[in-house]
Amino acid sequence: QALPIRTTVHGWMPHPEALKLLKEGNERFAVGAAIAGRITPAMRKALVKEGQAPHTAIIGCADSRAPLETVFDAMPGDIF
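Attention in this report is confined to the structure presented alongside it. If you're wondering where the values come from, they're calculated on a predicted model, not measured in any experiment.

What counts, and at which threshold
Residues numbered from 1 in each chain as written. Predicted model: local features only at pLDDT ≥ 70, side-chain atom pairs only at ≥ 80, totals over all residues. Heavy atoms only, no water. Helix = DSSP H or I, 4+ residues; strand = E, 2+ residues; numbered from the N terminus. Buried < 20%, exposed > 50% of the residue type's maximum accessible area, 1.4 Å probe, protein only. Salt bridge = Lys/Arg side-chain N within 4 Å of Asp/Glu carboxyl O.

1. Examining unusual backbone geometry
Inference 1: Unlike most non-glycine residues, D73 shows phi in positive territory, near 45°.
Inference 2: By the element assignment, D73 lies in the segment after helix 3 (68-71).
Inference 3: D73 sits in the buried class, given a relative accessible area of 3%.

Below, the structure is given as structure tokens:
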């Protein structure tokens, strides 16, 4: 199972829903059950055609040992 790709056609996401996604993603990461890495060519094409729609902006360390997308099990374009 893969997570859906969010694009500009999805519009704005309310902050409680975005926080819920972050918490669920971090839980998956913590227990070793991440699913965000399953990206198809169609998903990448949708991001190119329709644009990214990040649901969250995070200010954090730029340490490559703990990428935010990995820690929150997020899909490309979910976190800015």
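Read on, since the account is not over.
2. Concerning the pattern of salt bridges
Inference 1: Within this structure, the stated rule accounts for two salt bridges.
Inference 2: Among the ionic pairs, K20 bridges to E24, the shortest N-O distance being 2.8 Å. With K20 and E24 both in helix 1 (residues 15-30) and four residues apart, the pair spans about one turn of that helix.
Inference 3: By relative accessible area, E24 is classed as partly exposed at 33%.
Inference 4: Of the charged contacts, one joins R28 and D73 as a salt bridge, the two residues approaching to 2.5 Å between their closest N and O atoms. Of the two residues, R28 is situated in helix 1 and D73 in the segment after helix 3; the sequence distance between them amounts to 45 residues.

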